[in-house]
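Chain and residue survey
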Amino acid sequence: MATTPKFAVEDRFARVAILFSFVMLALGSLFGLVQALTRFPGLLHALGLDKVITPELYYTGLTLHGVANAILFTAFFIMGLAVFVVTRDMNINLHGPLLRLACMMAIGGTLVAAVPILLGQATVLYTFYPPLNANVLFYLGLAVVVVASWIFAAVVFHGIYRWKKANPDKEIPLGVWGVITTLVIWLYATPPLAYEVLFLLVPMSLAGMPVDVLEARLWFWYFGHPLVYFWLLPAVTLWYTLLPRVLGTEVFSKTMAKVAFVLYMIFSTPVGLHHQYVDPGVHPVFKYLHATLTYFVAVPSFLTAFNLIATLERAGRARGGKGLFGWVTALPWFKDPVFTGLALAIIIFGTGGFSGVINASFQINYVVHNTMWIPGHFHTTVGSGVALSFLTASLVLIPLLYGRQIVSMKTVKAAFVLWFVGIMLFSVGGYLSGLAGEPRRTYAPPYLNGVQVTAHLLDLMKSAASVAMSGALMFWLGGALFLGTLFFSVLFGKRVAFEGEVKISPEPGPASWFEKNLKLILIVGVVLILISYSLPAIEVYSQGLSPAPPQGPLK
Amino acid sequence: MTVHREEKIWAFFVLGLTVVFLAALAYAAWGLGLTTPYTVERIPAQKAAQELKPGVDCVNPNVKQIVNNVVVCQDGRYYVNVLAMRFTWLPNRIVLTDPKEVKFRITSTDVIHGFEIAGTNVNVMVFPGYIAEITWKVPSNMAPGNYLIICNEYCGAGHQNMYAILEIRK
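Every chain is numbered independently, its residues counted from 1 as its sequence is written. Chains and ligands are labelled sequentially in the order written, the chains with letters from A and the ligands with numbers from 1. For this predicted model, a pLDDT threshold of at least 70 governs which residues receive local features, and a threshold of 80 or more governs which side-chain atom pairs are given and counted, while totals over whole chains, interfaces and linings are taken from all residues. Only hydrogens and water are removed before side-chain values are computed, so all heavy atoms of the structure are retained for them.

Chain B appears in an unreviewed UniProt entry as Cytochrome c oxidase, subunit II from Pyrobaculum ferrireducens. UniProt positions are given in the numbering used here, feature names are shortened, and annotations may be inferred rather than shown by experiment. The record in UniProt for chain B states the following under Subcellular location (unreviewed entry): "Cell envelope".

Under an unreviewed UniProt entry, the name given to chain A is Cytochrome-c oxidase, and the organism recorded is Pyrobaculum ferrireducens. The record held by UniProt for chain A lists under Subcellular location (unreviewed entry) the comment "Membrane". Here is the UniProt Sequence similarities (unreviewed entry) comment for chain A, exactly as written: "Belongs to the heme-copper respiratory oxidase family."

Here's what the structure looks like:
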């Protein structure tokens, strides 16, 4: 193996977690293809595929697509990456047996949840809104994954805590700040999910206990939006650390990077009601409070954009770029694939960030809620900003962790281009068809063919959907090419010997305000959560619940 | 700990922008009355079909007329009760003559649905156990014709078949 013997246990964990995450991505994306095919108006029927790709298969695949890509791929990759960053940047060992336990539980839970999904007994999509009912193994499997993630977080925090005790006057490396932020958001966000699953959904599934929809949605979205930042923060960490590193420069401002991490930490959780703007039963003032906090969580993204562009400008000028925009062309756009991947991911994420600000709007949300606009938005965030950054990072991680060379950088670059063009078509098509009212999460709807309705909207819906789905096919191909190259490299790539140490963060200085006040920052986060969620919770519980009995999704 | 001057300028600009956006949203919500759905009315899901009579009615009974079996309100102010059940809307054809303001009251008998009139800002989640009430101020330039009412929240295997027609007459 290529790794240093010192981190044998940690690296084995990272290898297993990262490989498993890619398997999940491949499995989930397989069904992305099914969705793209069903959304071309009339295509299924024309090809005679409507006997093969049935609504049941579509919705089962949609569940798998969401759970595997959005939760499992991200969570497993993040665990692997976090271990790599913390061990290398801090030069510490982590608690081996607990790490192994977390890994086994997470994979075991995943396999348990996979059985009912694949059998079609958990076709409740990844939001699993009750009273849609799934086989109890689905809920229990996911609960085990969450518990495993808590053990994992405890292991990492324990390591960081010991390092901090030994080095009280040293600055926490920037990459580790990213890891801390990610895990803090996760720990803030998951307890209500555990409550929903264990006390509402499991009794519903086992004993037919009725569930109040509003209560369940409140706690699901308490978790559901921070989950988004849980994906995003490791990608941001890569942008702040790996991107300057491959350019041979330092991040423009370490201080502002830390400010961004701290703001993400504080504002990521108390925003979930912005998924419930059009829900009855929650007072608009509370929704507006969450809108306000959502706008504040856009601030660190804007700061990050500035910081990254400034870093790029500095690298471009160091390469001899002159004038107002000369530094842009001086960057190694297609010379260094790691740069290409991260830069394209950042550009795509930028567009997704803007549509995110639109979604967060208290009123415009009416027009886009649950339409194709939303997949158009989040495929540019988690589907590119995050997934593309992770895949790019694996170009660095695979030689280091598996001791194998990437077999072909040409296919990697081709995959990047397909991904970039495809996702742009997909999102723009999604935005337009969403504005025309096309719903998301739906199998080839009959009204796209034949019903006499006001024509111009339907035409826009149809043509924009076709653009979106062509884009989906393109970036699916790009993803398949990329994953194929990675799997092939891990198995058959040329062995590379690796010597010396790898750090991804800039050299740490003396401890700053942020290290000394981490406790205060965490308390501010908790207080904001308490304020923003106790009000709607009091409202929901004091008006009395109105539970509805469970219903199976397919029959 | 260095913060560059450009970063300070940018940070204040971004904060200012955020405040302006939020002020605009607040003004639209409470100045112009464009706020989000709000109701605390509850209804047992199993009894929804009996208690919420689906159909069109007038806010002011004095201006109500029945023309060819269609309810017509002279002042353009309508009540519409809608029942969502897998996989259909009741009524599945709503006819409104020259509507100005429509109050929708919607509930579900089984799972979560989404009530959306494509191309308008009518879009509300429909829960079993709750009545969602929204008021639609119909744009004066709304062209007569058939509009799609879609279910936009996944509700089971027949979700894609769940739609209805809103007919606007002038």
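Moving on from the coordinates now.
Before going further, it helps to examine the overall build of chain B. A count of helical and extended segments in chain B gives 2 helices and 12 strands. Listing the helices and strands of chain B from first to last along the sequence gives α-α-β-β-β-β-β-β-β-β-β-β-β-β. Here's how the labels work: a residue is buried when its accessible area is under 20% of the maximum for its type, exposed when over 50%, partly exposed in between, all with a 1.4 Å probe on protein chains only. Counting over 170 residues, chain B shows a buried share of 51%. The long-range share in chain B, meaning contacts at least 24 apart out of those at least 6 apart in sequence, stands at 60%. If you sum the accessible surface of chain B, you get close to 7,600 Å²; carbon and sulfur atoms cover 55% of it. By the criteria applied, helices consist of DSSP H or I runs no shorter than four residues and strands consist of E runs no shorter than two, each listed in order from the N terminus. The contact criterion used throughout is that any non-hydrogen atoms of two residues lie within 4.5 Å. In these tables, accessible area is a Shrake-Rupley quantity obtained with a 1.4 Å probe, and a residue counts as shielded only by the protein chains included in the view.

Another point: the sheet that holds strand 11 (residues 145-151) of chain B. Residues and elements named next belong to chain B. Strand pairing requires that DSSP identify at least two bridges connecting the strands. Spatially, the 5 strands line up as an open sheet ordered 6-12-11-8-9, and their pairing is mixed. Strands at the two margins of the open sheet, each flanked by one partner only, are strand 6 (93-97) and strand 9 (123-126). Taking each pair of neighbouring strands and ignoring which way they run, the sheet shows an average axis angle of 20°. In this structure, strand 6 lies alongside strand 12 (residues 163-169), joined through 5 bridges in parallel fashion. Within strand 12, the residue paired with L96 across the bridge is I168. Between the N-to-C directions of two axes lies an angle of 0 to 180 degrees, each axis being a line fitted to C-alpha atoms and, for a helix, fitted only over the stretch in contact.

Turning our attention to the environment of N161 of chain B. All names here are of chain B. Within the element layout of this structure, N161 appears in the loop between strand 11 and strand 12. Note on N161: relative accessible area 41%, which makes it partly exposed. Distance from N161 to F87, taken between C-alpha atoms, is 6.5 Å for residues 74 residues apart in sequence.

Here we come to the environment of T249 of chain A. Residue and element names in this part refer to chain A. Secondary-structure assignment places T249 in the loop between helix 7 (213-247) and helix 8 (254-267). Separated by 121 residues in the primary sequence, T249 and N370 place their C-alpha atoms 43 Å from one another. Apart from the residues within four sequence positions on either side, T249 is in contact with P244, T311, R314 and A315.

With that settled, the discussion passes to the UniProt feature "domain: Cytochrome oxidase subunit II copper A binding" (unreviewed entry) in chain B. Mapped onto this numbering, the UniProt entry annotates "domain: Cytochrome oxidase subunit II copper A binding" (unreviewed entry) at residues 75-170 of chain B. For residues 75-170 of chain B, the end-to-end C-alpha separation is 13 Å, with 0% helix and 56% strand making up the annotated structure.

The next thing to look at is the state of the cysteines. All names here are of chain B. Working definition: a disulfide is two cysteine sulfur atoms within 2.5 Å of each other. Under the definition given, this model contains 1 disulfide over all chains. Here C58 connects covalently by a disulfide to C73, the sulfurs 1.8 Å from one another. On the S-S bond that ties C58 to C73, the torsion sits near -95°, and the link is left-handed. Residue C58 is located in strand 1 (residues 55-58), and its partner C73 is located in strand 3 (residues 70-73); the two are separated by 15 residues in the primary sequence. Free cysteine: C155, not disulfide-bonded; nearest cysteine sulfur from C151 at 3.9 Å.

What follows is about the packing of helix 7 of chain A against helix 17 (residues 518-542) of chain A. All names here are of chain A. Here helix 7 crosses helix 17 at 170°, and the two axes come no closer than 10 Å. By the angle class used here, helix 7 and helix 17 are roughly antiparallel. Every residue of helix 17 that contacts helix 7 at L214, E215, L218, W219, W221 and Y222 is listed here: I529, Y533, P536, A537, V540 and Y541. All amino acids are sorted into three groups, where Ala, Val, Leu, Ile, Met, Phe, Trp, Tyr, Cys and Pro are nonpolar, Asp, Glu, Lys and Arg are charged, and the leftover types, Gly among them, are polar. Here the contact of helix 7 with helix 17 is composed, by residue class, of 11 nonpolar, no polar and 1 charged. Between 65 and 115 degrees an angle is taken as roughly perpendicular, under 35 as roughly parallel, over 145 as roughly antiparallel, and anywhere else as oblique.

Before going further, it helps to spend a moment on the interface of chain B and chain A. Listed as interface residues are 63 residues of chain B and, on the opposing side, 80 residues of chain A. Defined here as a combined quantity, buried area equals the accessible surface (1.4 Å probe) lost by two parts on assembly, summed across both. A combined buried area of about 6,100 Å² lies between chain B and chain A, and 67% of that area is made up of carbon and sulfur atoms. Summed over the three residues of chain B that lose the most area to chain A, namely Y130, Y154 and Q160 of chain B, the buried surface amounts to 12% of that side. One speaks of a salt bridge when a side-chain nitrogen belonging to Lys or Arg is within 4 Å of a carboxyl oxygen belonging to Asp or Glu. Where chain B meets chain A, there are 1 salt bridge. A salt bridge links E153 of chain B to R441 of chain A, with the shortest nitrogen-to-oxygen separation between them at 3.3 Å. Residues adjacent in sequence count toward polar contacts only when both atoms are side-chain atoms; beyond that, a polar contact is any pair of N or O atoms within 3.5 Å, and within protein one must be able to donate a hydrogen and the other to accept it. The interface formed by chain B and chain A includes 23 residue pairs in polar contact (both at pLDDT 80 or more). When contributions to the side of chain B that touches chain A are tallied by element, the ones reaching two or more residues are helix 1 (5-31), strand 9, strand 11 and strand 12 of chain B.

Residue and element names in this part refer to chain A. Expected helix span is given by 1.5 Å per residue-to-residue step, counting one fewer step than there are residues. Taking 1.5 Å of rise per residue, 23 residues should cover 33 Å, and helix 4 (residues 96-118) covers 33 Å from first to last C-alpha, within 8% of that figure. All of the buried residues in helix 4 are G96, L99, A102, C103, A106, I107, G109, T110, A113, A114, P116 and I117. Lining the buried residues of helix 4 we find helix 1 (8-39), helix 3 (55-90) and helix 5 (136-166). The positive-phi residue at the C-terminal boundary of helix 4 is G120, with phi of around 75°.

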